[in-house]
Amino acid sequence: MYGVMAEFDSVQALVDASKQAVTAGYTVMEAYSPIPIEELNDIIHKKRTKLSRFVLMGGLSGMAAGFTLQYWASVIEYPMNIGGRPYATWPAFVVPSYELTILFSALTAAIGMFALNGLPQPYHPVFNVERFSMASSDKFFLVIETTDPRFDHGATTRFLSDQGAKGVYDVAA
Amino acid sequence: MANNVHGHGSSSASLNAPVLAPGHDFETITEAVAQIPLAKRTPIGWVLGFMGAFGLFMMLQAALGKLVMTGVGIWGNNVPVGWAFDIINFVWWIGIGHAGTLISAILLLFKQQWRMSISRFAEAMTIFAVACAAIFPLFHTGRPWLAAYWLFPYPNTMGLWPQFRSPLIWDVFAVTTYATVSIVFWYVGMVPDLATMRDRAVSMTKKRVYGVLSLGWRGSARHWHRYEVASLILAGLSTPLVLSVHTVVSFDFAVSVLPGWHATIFPPYFVAGAIYAGFAMVLTLAIPLRVAYKLEDFITMRHIDNMAKVMLATGMMVAYGYAMEAFYGWYSSNPYEQFMIWNRMTGPYAWSYWMLIAINAGMIQFLWFQKVRANLKLLFVMSLFVSVGMWLERFVILVTTLHRDFVPGSWGMYYPTQWDFMTFVGTIGLFLTLFFLFMRFVPMISMFEVRTLLPQAKVKSEHGHGH
């Protein structure tokens, strides 16, 4: 078994239940919703993502790659003397370096977001619950996982029902 | 139904119209959008429209096939007008794309909620427009299969590298980055909605296809948190990107030393023109689309009104650009500059110049009136005219500068051939073909974003008062 899933009708009910679960001492849980709810991450996970730092590194490496490529090709590998003009014409190299900065940053942001989220992921236990197909339309779900030290099948199910859940389901692993 | 929500063009209707018509909840939003791609029966209007579009697309293939078999000589551009339809259409298409990025990125940074219901299809428009744009420079090379080593720096056996000091290579970097980032941004923005499609699809094939494309998205708090951060970063990156793309396109002209091209006003003037043309295209698409698919609740008169206002504002910037071009033509005291602007106004191509002034500086003044902005039919026609006007702008910039240069002995005229027209109209077919496919298979409106517009999507704050 993966955990116990509670279904709620509204954003507010899900947020309230998550707060209650944290207060009750549960630590290993996850909330699922059809819209982004800023507060939930702060309540349940508390940590902010490191994505921005990766993007900064991606952008800097894009800039370095772009500039190095042009410098190497125009100055070292195939220098062309055109009327005695300098080889290292850095102002001309700005535009491609700029574009590659953005390209690498954007790819890092997208790939990084998916990677940190563990996507693509073909299988996840929550999809075993039939009602979970509503999680992408208009229902809200809170799952307390079996790995939680305070997890107790009977007590956790009762706790979730007490939070006003419209239904509580066992999630097969 | 939807028609009761906003008035029938009464003058206050669009000012007060909401971003989302009242009476919706999470389920009705999802149903209204998701049922379009999931419908078993393809609407007959779609089939007819797609046939028309695909017919034009086949004409493009024929025109390009002929070009590859024969050579670029079948096009009308030749000395002295070496750049013509190919670059006019390239700039025209790239410009149209800019509105999509403006809506999805810049308006996101400004927290403009009205962007949410139009961003998906505006971004689709961007990607399809860039695809059409890319065809022109690629086939202008005559041998597009060799373009790889002309355009991209990859280590080849000839030891050749592109000329990084040329704006044309900058353009390659700008446009390929723009295409890549637009596709990535579009796809990332679509993943939660693709998960909705996966969960609602009945047929096994659709379930699988949407399932694979949604990558196993499950909307957990952790997912959403990283997702929102990534969206904001992508918007923040797309903003300087979109401004740079048309700037670099304008460098293709401004970095040269030809009268009429060598002007510092080009980058901002091109960017404003791009947004102007792009919003016209968004209106051209949105006005029939909202009626055909009964999306009036999501694309309300408020959206139409806002887009018309953006069109007016950017149109005025473009008109300022024309005024400055004329002023500096005279003020430069350079006989070639002065001749160029005089030839533009009174020469053999004067008709195109005055048509563009009539549209881009004259006609759009009607958008100051609320009644005009609330009149959908009129607005639709005006948006088509704007597309024509912006096409003419590029025609004027290209042809009037090139056809009469410094030495009268080398003057000439430019006449496009049937192949030029077939290629141009063919790309409109490609654009519409892609757009029809998009309408049939992809949720056209960002469902998860529109859901957040509902009051029930908000969380009460700790102290008990909402925000």
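Remember, it's a predicted structure, so these values are computed and weren't measured experimentally. (Residues numbered from 1 in each chain as written. Chains lettered and ligands numbered in written order. Predicted model: local features only at pLDDT ≥ 70, side-chain atom pairs only at ≥ 80, totals over all residues.)

1. Things to note about the overall build of chain B
Inclusion rule: Secondary structure counts use DSSP, requiring at least four H or I residues in a row for a helix and at least two E residues in a row for a strand, with both numbered from the N terminus. Radius of gyration here is computed from C-alpha atoms only, and the compact-globule reference equals 2.2 Å multiplied by the residue count raised to the power 0.38. Whether a residue is buried, exposed or partly exposed is read from the other C-beta atoms within 10 Å of its own C-beta, which are placed from the backbone; 20 or more gives buried, 12 or fewer gives exposed, and intermediate counts give partly exposed.
Broken down by element type, chain B carries 18 helices and zero strands. Since a compact globule built from 467 residues should have a radius of gyration of about 23 Å, the 23 Å found for chain B is in line with a globular shape. The C-alpha extent of chain B, read off along each of the three principal axes, is 75 × 60 × 45 Å. Burial analysis of chain B (467 residues in total) assigns 49% to the buried set.

2. So, the interface of chain B and chain A
Keep this limit in mind: Once C-beta atoms are placed from the backbone, any two residues with those atoms within 7 Å are in contact. Three categories are distinguished: nonpolar for Ala, Val, Leu, Ile, Met, Phe, Trp, Tyr, Cys and Pro, charged for Asp, Glu, Lys and Arg, and polar for the others, with Gly belonging to the last.
Contacts between the two partners involve 49 residues from chain B and, on the opposite side, 57 residues from chain A. Looking at the side of chain B that touches chain A, the elements with two or more residues in it are α3 (26–38), α8 (167–200), α10 (221–254) and α18 (447–451) of chain B. Looking at the side of chain B that touches chain A element by element, the count peaks at 17 residues for α10 of chain B. Of the residues contributing to the side of chain B that touches chain A, the split by class is 27 nonpolar, 13 polar and nine charged.

3. Side note on the environment of Phe327 of chain B
Turning to its location among the elements, Phe327 of chain B is positioned in helix α12 (residues 301–331). Here the alpha-carbon distance between Phe327 of chain B and Gln338 of chain B, two residues 11 residues apart in the chain, equals 9.6 Å.

4. So, the nonpolar core
Here is the rule: Residues of type Ala, Val, Leu, Ile, Met, Phe, Trp, Tyr and Cys that are buried and joined through C-beta atoms within 7 Å form what is called a nonpolar core. Delimitation of the domains relies on an automatic or database domain assignment.
Residues Phe141 and Leu142 of chain A together with Tyr276, Phe279, Val282 and Met311 of chain B are the most contacted members of the largest nonpolar core, which totals 184 residues. Inspection of this core shows a minimum of three residues originating in each of domain 1 (3–47 + 123–171) and domain 2 (51–116) of chain A. Residue contacts for Phe279 of chain B: discarding those within four places in its chain leaves Ala99, Met307, Val310, Met311 and Thr314 of chain B.

5. Brief notes about helix α5 (residues 153–162) of chain A
Residues and elements named next belong to chain A. In plain terms, the rule: In this description, one arc is meant: the one made by directions from the helix axis to the C-beta atoms.
Within the sequence span of α5, burial applies to Thr156, Phe159 and Leu160. Along α5, the residues classed as buried sweep out an arc of 95 degrees about the axis, all on the same side. Facing away from the buried side of α5 by more than 90 degrees, the exposed set consists of Gly154, Arg158 and Asp162. Those residues of α5 hidden inside the fold are in contact with β1 (3–8), β3 (140–145) and β4 (167–171).

6. Thoughts on the domain arrangement of chain A
A common way to report how large an interface is uses the accessible area buried once the components associate. You can read the domains of chain A as domain 1 (3–47 + 123–171) and domain 2 (51–116). Relative placement of domain 1 of chain A and domain 2 of chain A: their C-alpha centres are 45 Å apart.

7. Points about the confidence of the model for chain B
As a reminder of what qualifies: As a per-residue measure, pLDDT reflects the predictor's confidence and takes values from 0 up to 100.
On average, residues of chain B score 90 in pLDDT, and 95% of them are at 70 or above. Overall, residues 1–12 of chain B carries pLDDT values under 50, and its contacts beyond four positions in sequence, including any with other chains, amount to 18 contacts.

8. Structural notes on the packing of helix α14 (residues 350–362) of chain B against helix α16 (residues 376–403) of chain B
Residues and elements named next belong to chain B. Selection rule: To obtain each axis, a line is fitted to C-alpha atoms, and for helices this fit is confined to the stretch in contact; angles are then taken between N-to-C directions over 0 to 180 degrees. Relative orientations are named as follows: roughly parallel for angles under 35 degrees, roughly antiparallel for angles over 145 degrees, roughly perpendicular for angles from 65 to 115 degrees, and oblique for any other angle. Handedness of a crossing is defined here by the sense of rotation of the near helix relative to the far one, left-handed for an anticlockwise turn of less than a right angle and right-handed for a clockwise turn.
At a minimum axis separation of 9 Å, α14 and α16 run at an interaxial angle of 140 degrees. Comparing their axes, α16 and α14 come out oblique. Two packed elements cross with a definite hand, and for α14 against α16 that hand is left-handed. For the pair α14 and α16, contact is made by Ser352, Tyr353, Met355, Leu356, Ile359 and Asn360 and by Phe385, Val386, Val388, Gly389, Leu392, Glu393, Phe395 and Val396, respectively.

9. Focus on the pairing of β3 of chain A
All names here are of chain A. Worth spelling out the cut-off: For two strands to be treated as a pair, DSSP must find at least two bridges joining them.
The element β3 is extensively covered by neighbouring structure, given that five of its six residues are classed as buried. Sheet topology places β1 next to β3; six bridges connect them, and they run antiparallel. For Gly3, the partnering residue across the bridge sits in β3 and is Glu145. Here strand β2 (residues 29–32) runs beside β3; their pairing, made up of four bridges, is antiparallel. Among the inter-strand pairings, Glu30 is bridged to a residue of β3, identified as Val143.

10. Section: unusual backbone geometry
Here Leu119 of chain A and Pro120 of chain A are connected by a cis peptide whose omega angle stands at -5 degrees. Locating Pro120 of chain A in the fold gives a position in the loop between α4 (90–116) and β3. The omega torsion of the bond from Val79 of chain B to Pro80 of chain B falls at 5 degrees, within 30 degrees of zero and hence cis. Here Pro80 of chain B shows up in the loop between α4 (44–70) and α5 (85–109). Residue Leu215 of chain B is not a glycine yet carries a positive backbone phi of 60 degrees.

11. Notes on the sheet that holds β3 of chain A
Residue and element names in this part refer to chain A. Pairing within the open sheet is antiparallel, and its four strands lie in the order β2-β3-β1-β4. Single-partner strands in this sheet number two, and they are β2 and β4. Strand-to-strand twist in this sheet, taken as the mean axis angle between neighbours without regard to direction, amounts to 20 degrees. Of the strands in this sheet, β1, β2 and β3 are in contact with helix α1 (residues 11–23), which crosses β3 at around 20 degrees. Along the sheet, α5 contacts β1, β3 and β4; its crossing angle with β1, the most-contacted strand, is approximately 10 degrees.

12. A word on the environment of Phe251 of chain B
All names here are of chain B. Secondary-structure assignment places Phe251 in helix α10. Sequence spacing of Phe251 and Ile135 is 116 residues, and the spatial spacing of their C-alpha atoms is 20 Å. Among all residues touching Phe251, those that are not within four sequence positions of it are Pro167 and Trp170.

13. A few points about helix α11 (residues 266–292) of chain B
Residues and elements named next belong to chain B. Selection criterion: Multiplying 1.5 Å by the residue count of a helix minus one yields the expected span of that helix.
In a regular helix each residue adds 1.5 Å, so 27 residues correspond to 39 Å; α11 covers 39 Å between its end C-alpha atoms and thus fits that length. By the criterion of burial, α11 is predominantly enclosed, with 20 of the 27 residues buried. Remark: Lys294 follows α11 within two positions and exhibits a positive phi of approximately 50 degrees.

14. Describing the pairing of β1 of chain A
Residues and elements named next belong to chain A. Across the six residues of β1, six count as buried, placing the element largely inside the fold. Burial along β1 is two-sided: Gly3, Met5 and Glu7 facing one way and Val4, Ala6 and Phe8 facing the other are all buried. Relative to β4, β1 runs antiparallel, the two being bridged by five bridges. Residue pairing for β4: Gly3 is matched across the bridge by Val171.

15. A short note on the environment of Phe298 of chain B
Residues and elements named next belong to chain B. Position of Phe298 among the secondary structure elements: in the loop between α11 and α12. The spacing of Phe298 and Ala21 is 277 residues in sequence and 6.6 Å in space, taken between C-alpha atoms. Ignoring any residue separated from it by four or fewer positions in sequence, one finds Phe298 in contact with Leu20, Ser117, Ile445 and Val450.

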